[in-house]
Amino acid sequence: MGNTSGFPSSSFKFQTELNIKDYNLSQERNDQRFGHIYVMRSKNSSKNVLVKERPVTERPDELIRRLEVSNDYLLKIFNAKEIPGTGSYQVYFEDFATDLNSEIRRHLAEKTRFPEGELYAILYCTISALSALEQKGIAHENINPTNILKQSREVYKIHDNYLLSAHNTIYQQ
């Protein structure tokens, strides 16, 4: 297929710089949200970066528009790079501890309740992230407990369903 002209180049500005040379492939896994992903572990710390390969099916300007959306409660995308000659790109994004669905199941099994502060954090974080997407005219299309990712007790994030999802969204169809 060749290179897709207009794909984000090294001059594209991302929220956070990521030097992939500082990471080693730790494992591959199938995630219920993202499908097949690679887990890269930092050589210098216990930090992980996740990598998802996607075909270039959208226009490069649409991809750039999606990557420019920034919010503290959207899963952080560090970089996106084309894989030369393949018609695909890799998206590098932050790791997460678990998801809301797993937390709900844990609380049910332990017969415990969410603390009020954590419930507030879940709502606040999710609404803030959706607001950031709405301001850019972007629909997520799949908000459910599995897609609300837990970073810590106070921080929950959602991901950009369009860039990272393993399944076609209504928008893509």
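(A) Quick peek at the pairing of strand β5 (residues 88-94). Burial analysis of β5 places 7 of its 7 residues in the buried class, the great majority of the element. Of the two faces of β5, the one carrying S88, Q90, Y92 and E94 and the one carrying Y89, V91 and F93 are both buried. In the sheet, strand β3 (residues 48-55) pairs with β5 via 7 bridges, with the strands oriented antiparallel. Of the residues in β5, the one forming a bridge with P55 is S88. In the sheet, strand β4 (residues 77-83) pairs with β5 via 6 bridges, with the strands oriented antiparallel. When the bridges of β5 are listed, N79 appears paired with Y92. Counting the residues that bridge the hairpin from β4 to β5 gives 4 residues, and of these G85 lies at a positive phi of roughly 80 degrees.

(B) Region of interest: empty space enclosed by the protein. Taken as a whole, this structure holds 1 cavity of 30 Å³ or more when the rule is applied. In this structure, the largest cavity encloses a volume near 110 Å³. Every residue lining the largest cavity is counted, 12 residues in all, and those nearest its centre are R66, V69, L74, L75 and I77. Taken together, the residues of the lining of the largest cavity sort by class into 6 nonpolar, 3 polar and 3 charged.

Rules of the game
- Residues numbered from 1 in each chain as written.
- Predicted model: local features only at pLDDT ≥ 70, side-chain atom pairs only at ≥ 80, totals over all residues.
- Heavy atoms only, no water.
- Buried < 20%, exposed > 50% of the residue type's maximum accessible area, 1.4 Å probe, protein only.
- Helix = DSSP H or I, 4+ residues; strand = E, 2+ residues; numbered from the N terminus.
- Pairing = 2+ DSSP bridges.
- 1 Å grid on protein atoms, 1.4 Å probe; cavity = no way out; pocket = protein on both sides within 12 Å on 5 of 7 lines; lining within 4 Å.
- Points joined across faces, edges and corners; volume = space filled by probe spheres on them.
- Nonpolar A, V, L, I, M, F, W, Y, C, P; charged D, E, K, R; others polar.

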